Amino acid sequence: MGKIVLYIAISVDGYIACEDGSVDWLEDVRGDGSDNGYGAFYDEIGSLVMGRKTYEKVLQLTNNFPYAGKPCFVLSRMLAGETEHVTFINEAISDVLERAKSSAEGDVWLVGGGEVVKECLANGLLDDLYVAIIPKVLGGGIPLFPKGSEAVFVLADVKKFGDIVSIHYWRKD
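Only a predicted model underlies this, so the values are computations on that prediction, with no experimental measurement involved. (Residues numbered from 1 in each chain as written. Predicted model: local features only at pLDDT ≥ 70, side-chain atom pairs only at ≥ 80, totals over all residues. Heavy atoms only, no water.)

1. Considering the side chain of S22
Logical step 1: Looking at the secondary structure, you find S22 in the loop between β2 (15–17) and α1 (38–43).
Logical step 2: Note on S22: relative accessible area 18%, which makes it buried.
Logical step 3: In terms of polar contacts, S22 uses its side chain to reach the side chain of D20, at 2.7 Å.
Logical step 4: Once residues lying within four places of it in the same chain are set aside, the contact partners of S22 are A17 and K57. (Helix = DSSP H or I, 4+ residues; strand = E, 2+ residues; numbered from the N terminus. Buried < 20%, exposed > 50% of the residue type's maximum accessible area, 1.4 Å probe, protein only. Polar contact = N/O pair within 3.5 Å; in protein donor to acceptor, adjacent residues only side chain to side chain. Contact = heavy atoms within 4.5 Å.)

Following this line, the structure appears as structure tokens:
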């Protein structure tokens, strides 16, 4: 079975979004001129898990659901059932991740957000972190690791994509 992986961009000061949830600060970053490694990463993904707020942000950013064709589970206490592209689920994160693992071959991408990441860290459920550091200081916003998050990882790899630094960590056992 695949691994549980987090692949996400953060500002130099550790934020995944501005206070209002906007991510437009990601738009004018000089990368490598192509997809900055995203395509190779996405090819390894079998299914996705994200929180409801992240899901709603994804819908705001695009007219077409970008993860169509792969099982996608959205953690929500408010929404239930299924749509064309996602299954809304209100279960323990460990159960959701097991369901995601069994739904397709490949890794499970934990898309976000911070509270979901914190819960995964608290339960030792995250295998790999891929963090793309964007050379901008936001001075505030939504942190990748909310207060109380704890985990220890080991450096696996570092890559440079233009002005972006991508760091890959493995969970320390």
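2. A short note on the environment of G124
Logical step 1: In this fold, G124 is placed in the loop between α4 (114–122) and β8 (128–134).
Logical step 2: Put simply, G124 and R171 are 47 residues apart on the chain and 8.4 Å apart in space, counted from C-alpha to C-alpha.

3. So, unusual backbone geometry
Logical step 1: For the bond running from G112 to G113, omega is 0°, close enough to zero to count as cis.
Logical step 2: Here G113 lies in the loop between β7 (107–112) and α4.
Logical step 3: For N36, which is not glycine, the phi torsion reads 55° and is therefore positive.
Logical step 4: Among the structural elements, N36 can be located in the loop between β2 and α1.
Logical step 5: Taking relative accessible area as the criterion, N36 reaches 22% and is therefore assigned partly exposed.

4. Quick notes on the packing of aromatic side chains
Logical step 1: What the rule picks out here adds up to 14 aromatic pairs.
Logical step 2: Look at Y7 and W109: their rings are 5.9 Å apart centre to centre, the planes differ by 90°, and that puts the pair in the edge-to-face class. Of this pair, Y7 sits in strand β1 (residues 4–11) while W109 sits in strand β7, and the two are 102 residues apart along the sequence.
Logical step 3: Residue class for W109 comes out buried when judged on its relative accessible area of 4%.
Logical step 4: The interplanar angle of 85° and the centroid separation of 5.3 Å between the aromatic rings of F41 and W109 together place this pair among those described as edge-to-face. With F41 in helix α1 and W109 in strand β7, this residue pair connects regions lying 68 residues apart in the sequence.
Logical step 5: Chaining the aromatic ring pairs together yields one cluster made of Y7, Y38, F41, Y42, Y55, F65, Y67, F88, W109 and Y130.
Logical step 6: A cation over a ring is seen here: K70 above Y42, with NZ or CZ 4.0 Å from the ring centre. (Phe/Tyr/Trp six-rings, centres within 6.5 Å; stacked < 30°, edge-to-face > 60°. Lys NZ or Arg CZ within 6 Å of the ring centre and 35° of its normal.)

5. A word on the sheet that holds β1
Picture the strands of a sheet paired through backbone hydrogen bonds; they go either parallel or antiparallel.
Logical step 1: On the basis of which strands lie adjacent, the open sheet formed by nine strands has the order β5-β6-β4-β3-β7-β1-β8-β11-β10 and mixed pairing. Two strands in the sheet have a free side with no partner beyond their single neighbour: β5 (81–82) and β10 (153–161).
Logical step 2: Sheet topology places β1 next to β8; seven bridges connect them, and they run parallel. The partner of A9 across the bridge, within β8, is A132.
Logical step 3: Contacts from helix α3 (residues 93–103) reach β1, β3 (45–51), β4 (72–75), β6 (87–89) and β7 within the one sheet, and its direction differs from that of β3 by about 155°.
Logical step 4: On top of the sheet, α4 reaches β1, β3, β4, β7 and β10; it is set at about 130° to β7, its chief contact. (Pairing = 2+ DSSP bridges. Axes fitted to C-alpha atoms, helices over the stretch in contact; angles between N-to-C directions.)

The quantities given are spatial measurements derived from coordinates; they are silent on function.
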